[in-house]
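Examining the three-dimensional arrangement
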Amino acid sequence: MFFVDTLEFEGLGNRSYLAGGPRAAVAVDPPRDIDQVIAAAAKRGVRIAYVAETHVHNDYITGGLELARVTGASYLVPAAAHVSFARTPVADGDTVTVDEGLVLRALATPGHTPHHTSYVLEEDGRGAAAFTGGSLLIGTVGRPDLVEPRLTEELARAQHASAHRLADELDDEVPVLPTHGFGSFCSSSQAEGDATTIGRERTANDALTLDVDTFVAEMLAGLDDVPAYYAHMGPANAAGPAPVDLTPAGRADAGEIAARLAAGEWVVDLRGRTAFAEGHVAGSFNFEGDGKLATYLAWLIPWGKPVTLLADTPERIADAQRELARVGIDRPAAAATGEPAAWIREGEWLASFPRARFADLAEVRGRGEEVVVLDVRRDSERAAGYVEGAVHVPVHELYGRLDEVPSGTVWVHCAGGMRAAIAASLLDAAGRAVVAVDDGFDAAREAGLTVTRS
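These notes cover the structure that comes with them.

About the thresholds
- Residues numbered from 1 in each chain as written.
- Predicted model: local features only at pLDDT ≥ 70, side-chain atom pairs only at ≥ 80, totals over all residues.
- Heavy atoms only, no water.
- 1 Å grid on protein atoms, 1.4 Å probe; cavity = no way out; pocket = protein on both sides within 12 Å on 5 of 7 lines; lining within 4 Å.
- Points joined across faces, edges and corners; volume = space filled by probe spheres on them.
- Helix = DSSP H or I, 4+ residues; strand = E, 2+ residues; numbered from the N terminus.
- Nonpolar A, V, L, I, M, F, W, Y, C, P; charged D, E, K, R; others polar.
- Buried < 20%, exposed > 50% of the residue type's maximum accessible area, 1.4 Å probe, protein only.
- Pairing = 2+ DSSP bridges.
- Right-handed = clockwise from strand over helix to strand, strands pointing away.
- Contact = heavy atoms within 4.5 Å.
- Axes fitted to C-alpha atoms, helices over the stretch in contact; angles between N-to-C directions.
- Core = buried A, V, L, I, M, F, W, Y, C linked by side-chain atoms within 4.5 Å.
- Arc of directions from axis to C-beta.
- Phe/Tyr/Trp six-rings, centres within 6.5 Å; stacked < 30°, edge-to-face > 60°.

For the rest of this paragraph, the subject is the layout of surface pockets. By rolling a water-sized probe across the atoms, one finds the places where empty space is left. Taken as a whole, the second largest pocket encloses approximately 280 Å³ of empty space. If you tally residues by element for the lining of the second largest pocket, the top one is helix α11 (residues 314-325), at five residues. In terms of residue class, the lining of the second largest pocket is built from three nonpolar, three polar and seven charged.

The alternating pattern of strand β12 (residues 266-269) places Trp 266 and Val 268 on one face and Val 267 and Asp 269 on the opposite face, and all of these are buried. For β12 and strand β14 (residues 307-311), the ladder comprises four bridges, and the chain directions are parallel. By the bridge assignment for β14, Val 268 is matched with Leu 309. Looking at chain direction, β12 and strand β13 (residues 285-286) are connected through two bridges and run parallel. Counterpart to Val 268 in the pairing with β13 is Phe 285. Traced from β12 through helix α9 (residues 273-278) to β13, the parallel crossover comes out right-handed.

Here we take up the environment of Ala 130. Position of Ala 130 among the secondary structure elements: in strand β10 (residues 126-133). Separated by 32 residues in the primary sequence, Ala 130 and Val 98 have C-alpha atoms spaced 15 Å apart. Not counting the four nearest positions on each side in its chain, Ala 130 is found in contact with Tyr 119, Val 120, Leu 170, Val 174, Pro 175, Val 176 and Leu 177.

Once that is clear, we can look at the sheet that holds β10. Strand order in the open sheet formed by five strands is β7-β8-β9-β10-β11, with mixed pairing between adjacent strands. With partners counted over all chains shown, the strands left at the sheet margins are β7 (95-99) and β11 (176-178), one partner each. Sheet twist, expressed as the average angle between the axes of neighbouring strands with direction ignored, equals 25 degrees. Note that strand β9 (residues 117-123) and β10 share five bridges and pair antiparallel.

One broad rule of soluble globular proteins: the nonpolar side chains tend to lie buried together. By size, the foremost hydrophobic cluster in this structure holds 53 residues, and its most contacted members are Trp 266, Phe 287, Leu 297 and Leu 374. Per element, the largest residue contribution to this core is seven residues, and it comes from helix α10 (residues 293-300). In this structure, Leu 374 is in contact with Val 391, Val 393, Leu 398, Val 405, Val 410, Trp 411, Val 412, His 413 and Leu 427, ignoring residues within four places of it in sequence.

Within the sequence span of helix α12 (residues 358-366), burial applies to Phe 358, Leu 361, Ala 362 and Val 364. Looking straight down α12, one finds that the buried residues subtend no more than 160 degrees of arc, so they occupy a single side. Contact partners of the buried residues in α12: β17 (372-375), β18 (386-387), β20 (410-413), β21 (434-437) and α16 (442-446). Two residues or fewer past α12, Gly 368 is found with a positive phi of approximately 85 degrees.

Considering all chains together, one arrives at eleven aromatic pairs under this definition. Seen from their ring centres, Tyr 229 and Tyr 230 are 5.2 Å apart, and the 80 degrees between their planes marks the pair as edge-to-face. Judged by its relative accessible area of 2%, Tyr 229 falls in the buried class. Ring centres 5.1 Å apart and planes at 70 degrees place the aromatic pair Trp 266 and Tyr 399 in the edge-to-face group.

Okay, the side chain of Asp 99 next. Within the secondary structure, Asp 99 sits in strand β7. Asp 99 has contacts with Gly 21, Pro 22, Arg 23 and Ala 24, leaving out every residue within four places of it along the chain.

Right, let's talk about the pairing of strand β4 (residues 47-52) for a bit. With respect to burial, β4 is a largely interior element, five of its six residues being buried. Taken together, the five bridges between strand β3 (residues 24-28) and β4 define a ladder with parallel strand orientation. Bridge assignment links Ala 24 to a residue of β4, and that residue is Arg 47. After leaving β3, the chain enters helix α1 (residues 35-44) and then returns to the sheet as β4, a path that is right-handed. Two elements, β4 and strand β5 (residues 74-78), share three bridges in a ladder whose sense is parallel. Its bridge partner lying in β5, Tyr 50 is registered against Ser 74.

Here's what the structure looks like:
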């Protein structure tokens, strides 16, 4: 009898897996903070005999090398992947015995990367689970444009072929267990649901229902922006990541926070956007700890810039430190917890800005007031409709394009409020008068604002 345990990482939109039998297991695409995988194995009472990577990851730092070192497991990495550390290279058709009656078989599935490899767990010779990494996802496939622009179409065609190979070789009831596709930007599109099988994908996945030319054309036309920090993930994984250090950061008092801001460092407030808007350290940025912290902070921050974290509790700091380590922001320069009044020096005041709904914006416009409406959604979102007259700068570009925002009070919105809060904090830190629209975009039309398409 075999088991498969799923480890979810919602902030990055990824999953890792621990699978095996009564005595031994394999960890597939483990996160950098390997303690979670070790704890899962301990709960099962199994030894981690193998660690398997489906590919050299572009969206997070792997913990595979360190997990293999700590546990003594064999580290399975696709043979064609260019890496700088010792590992057990695996090629198409290679097998390892995980436990009695349980075999892990490598299946070459290029497309997300040229060397991408899926792994099929076979019980007594029959496919029991398919770990598909960035190949066949739920209703879609991994994007093919993260390696080299000149290879994008070739890899897109390879994705189509790889999806068909999986469907041809596996039975309908075999669960498909991808690493990406739960909000990850490594997915070529986002799909509904969190579980699937080969049979379900046969009828629902464009890679299996469309001819190759149509599939490639539609997928390439729908590719979205690539987070800037991805450029650092692949090289770090190929070189062999250092062990993660999750010991608490040094405590920063009000004087140190002010000094770090004066030095041009980033001070990031992890509290919810409502609390931040009501009162925060002037010059600090708001990246909610409950949002896509790692994705958006790593996307916006100049790479290597020291970051100080502020939060209401030490637990919030610890959670953020763990999540940021997964994308290579290894150590906060400092941290502070408690009430924001303690984060400023005597004689200083907390900064604040108002929040609003689209109905409030419609009312202001109805009175004839001249305001700047700033849309910080991605290009693909704006293409589906935007508030007439709105200036457009995607949030991940805003820090470098603040001077392009017209003068006046800026009403900034996104699709739901989280990214608008980030953008509002960037504008507020730059000295701009700002109103954060904390509302779903569907409410814009309902409020009487003109929503148009270009």
